[in-house]
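Residue-level structural notes
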Amino acid sequence: MFKLAQKSDLILVGLLLLICLGLILAPNGFDKTPDTNTLRVKALVLSTNNNLIVETGILKTGTQVLQIKILSGQFKGKELRAFNQLVGRMEFDKIFIKGDKTLTVLNLNENKSEILSANVVDHYRINIELWLLVLFIILLIGFAGWTGIKAILSFLFTGLAIWKLLLPGFLKGFAPIPLSLGIVALLTSAIIFLVAGTNKKGTVAFLGAMSGIAITCIMAIIFGDLFNIHGAIKPFSETLLYSGFAHLNLTEIFLAGIFISSSGAVMDISMDIAASQAEVINHNPSISRKKLCQSGFEVGKAVVGTMTTTLLLAYSGGFSALLMVFIAQGTPMTNILNLNYVSGELLHTLVGSFGLILVAPFTAIIGSWIFTRKK
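These numbers come from a predicted model, not from an experiment.

1. Observations regarding helix H7 (residues 250–283)
- Relative to the 50 Å expected for 34 residues at 1.5 Å per residue, H7 spans 50 Å between its end C-alpha atoms, a close match to the ideal helical length.
- Along H7, the helix axis deviates most sharply at Ser 263, where the bend reaches about 40°.

2. Topic: the packing of aromatic side chains
- For the structure on display, the rule yields three aromatic pairs.
- The positively charged end of Arg 373 is found above the aromatic ring belonging to Trp 369, 5.3 Å away from the centroid.

3. Focus: the side chain of Ser 343
- Note that Ser 343 resides in helix H11 (residues 340–372).
- Those residues within four positions of Ser 343 in sequence are excluded, and the remaining contacts are Phe 227, Ile 229, Leu 337 and Asn 338.

4. With respect to the packing of helix H4 (residues 176–196) against helix H5 (residues 200–227)
- At a minimum axis separation of 9 Å, H4 and H5 run at an interaxial angle of 155°. Classified by the angle their axes make, H4 and H5 are roughly antiparallel. Here H4 and H5 pass one another in a crossing that is right-handed. For the pair H4 and H5, contact is made by Ile 177, Leu 181, Val 184, Ala 185, Thr 188, Ser 189, Ile 192, Phe 193 and Ala 196 and by Lys 201, Gly 202, Thr 203, Ala 205, Phe 206, Ala 209, Met 210, Ile 213, Cys 217 and Ile 221, respectively.
- Broken down by class, the residue content of the contact of H4 with H5 amounts to 14 nonpolar, four polar and one charged.

5. Some remarks on the pairing of strand E4 (residues 79–87)
- Residues Leu 80, Ala 82, Asn 84 and Leu 86 point to one face of E4 and are all buried, whereas Glu 79, Arg 81, Phe 83, Gln 85 and Val 87, pointing to the other face, are not buried.
- Note: strand E3 (residues 59–70) against E4, nine bridges, orientation antiparallel. Bridged to Lys 69 within E4 is Glu 79.

6. What about the confidence of the model for the protein?
- Put simply, the protein has an average pLDDT of 86, and 95% of its residues get 70 or more.
- In the model, residues 1–5 has pLDDT below 50 throughout and makes zero contacts with residues more than four positions away in sequence or in other chains.

7. Description of the nonpolar core
- In this structure, Phe 157, Ile 192, Phe 259 and Ile 269 are the most contacted members of the largest nonpolar core, which totals 51 residues.
- Elements with a contribution of two residues or more to this core: helix H1 (2–25), helix H3 (146–171), H4, H5, H7, helix H8 (289–318) and H11.
- What Ile 269 contacts, discounting residues up to four positions off in sequence, is Val 303, Val 304, Met 307, Leu 356, Val 359 and Ala 360.
- Counting 15 residues, the second largest nonpolar core, distinct from the first, contains Ile 68, Ala 82, Leu 106 and Val 120.

8. Here we look at the pattern of salt bridges
- A full pass over the atoms with the stated rule returns four salt bridges.
- Residues Arg 89 and Glu 91 are paired through a salt bridge, measuring 2.8 Å at the closest nitrogen-oxygen approach.
- Relative accessible area serves as the criterion here: at 55%, Glu 91 is assigned to the exposed category.
- For the salt bridge of Arg 125 with Asp 122, the shortest nitrogen-to-oxygen distance reads 3.3 Å.
- The exposure class assigned to Arg 125 is partly exposed, which follows from its relative accessible area of 41%.
- Accessibility expressed as a relative area gives 24% for Asp 122, which makes it partly exposed.

9. Details of the packing of H5 against H11
- Look at H5 against H11: their axes get within 7 Å of each other, and the N-to-C directions meet at 150°. Overall, the two elements H5 and H11 adopt an arrangement that is roughly antiparallel. Crossing geometry of H5 relative to H11 is assigned as right-handed.
- Residues of the contact of H5 with H11, tallied by class, amount to 17 nonpolar, eleven polar and two charged.

10. Structural notes on the environment of Met 219
- With respect to the secondary-structure elements, Met 219 resides in helix H5.
- Separated by 135 residues in the primary sequence, Met 219 and Phe 354 place their C-alpha atoms 8.4 Å from one another.
- Residue contacts for Met 219: discarding those within four places in its chain leaves Gly 224, Val 351 and Phe 354.

11. Regarding unusual backbone geometry
- Even without being glycine, Lys 112 reaches a positive phi, approximately 60°.
- Note on placement: Lys 112 falls in the loop between strand E5 (101–108) and strand E6 (115–123).
- Judged by its relative accessible area of 39%, Lys 112 is partly exposed.
- Here the phi dihedral of Asn 228 falls at roughly 55°; this positive angle occurs in a residue that is not glycine.
- Within the secondary structure, Asn 228 is located in the loop between H5 and helix H6 (237–242).
- Residue class for Asn 228 comes out exposed when judged on its relative accessible area of 65%.

12. Description of the environment of Ile 253
- Relative to the assigned elements, Ile 253 resides in helix H7.
- As a C-alpha pair, Ile 253 and His 230 span 23 residues in sequence and 9.5 Å in three-dimensional space.
- In contact with Ile 253, other than residues within four places in its own chain, are Phe 170, Pro 176 and Leu 248.

What counts and what doesn't
- Residues numbered from 1 in each chain as written.
- Predicted model: local features only at pLDDT ≥ 70, side-chain atom pairs only at ≥ 80, totals over all residues.
- Heavy atoms only, no water.
- Helix = DSSP H or I, 4+ residues; strand = E, 2+ residues; numbered from the N terminus.
- Expected span 1.5 Å × (residues − 1).
- Bend = angle between axes of the 7 residues up to and from the residue.
- Phe/Tyr/Trp six-rings, centres within 6.5 Å; stacked < 30°, edge-to-face > 60°.
- Lys NZ or Arg CZ within 6 Å of the ring centre and 35° of its normal.
- Contact = heavy atoms within 4.5 Å.
- Axes fitted to C-alpha atoms, helices over the stretch in contact; angles between N-to-C directions.
- Parallel < 35°, antiparallel > 145°, perpendicular 65-115°, else oblique.
- Left-handed = near helix turned anticlockwise from the far one by under 90°.
- Nonpolar A, V, L, I, M, F, W, Y, C, P; charged D, E, K, R; others polar.
- Buried < 20%, exposed > 50% of the residue type's maximum accessible area, 1.4 Å probe, protein only.
- Pairing = 2+ DSSP bridges.
- pLDDT = per-residue confidence, 0-100.
- Core = buried A, V, L, I, M, F, W, Y, C linked by side-chain atoms within 4.5 Å.
- Salt bridge = Lys/Arg side-chain N within 4 Å of Asp/Glu carboxyl O.

Put into structure tokens, the structure is as follows:
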């Protein structure tokens, strides 16, 4: 039995590796041919000139002139002048100082033998991002071993599925809610069966998680309509409409985001309950279905108690600046709770919490039936 489980585990890992490779190589339908007369390079800031920057209060506009040295590519070692355009929006603007490393776009002549101009895009962060990712992988594998390797594979698969399937599907006009449900079901099955194995524990966790996600989806649709919330409240949503994607249903994309964002926590709870029930049945094979269900309920109560607060902290942490503005201005609570973007976050938190609460009893019931079912 153990060798059979190992074999099915390896088959699943190999299958997911092939799928990940296919997703990496597959175009997403929006890949654009890069401009052959431009080149992106890493550069070092040697000096700065801020004389052309105009300060209006805390905002800065104009141009920062930089003397840079190219650190990569065919022009490595070359020093030249580059420009950093400031538009007066702090979330987009950046100021460089001597010693900074930057991502710079070089505009070349037709023969690609000479640099015509250089524009600094942003600070160069790829190296530190890679180091952080490597540290994450080392710690995960060091602690969890083979399970950690499978967790990394599920992490990679999730990222590729979102980047290559979900988001391009939205842009192509596919119905957001059915598409999201399908992608979430695919990710849930891959993640849970990778971690738990293709066994009863994995089956219970998957069925329990999907029941919670389905409930969250239904409640998001119902209460999204009652709240009169539209999808344009999310950052950059309106920009999409002006970028040639006026056909997008932003409201359905917003509602789909509710159960997508809570699906990870739902999977955690279903896996916790399924794993606990599996341990109980292993140590006491003669336990009754009712007792096993009660055990699942007890574990669910403890997990749900902290997980609902987790969602609140996750969402409120992302909107701390907005909440501080309300407090600083003395905005009445009635006004705050009726603002569309605040109502949207409340919808996110509360509907997601409903899914977390209900996934616990559903998983416990499903597990008590599957684990005690006679062969």
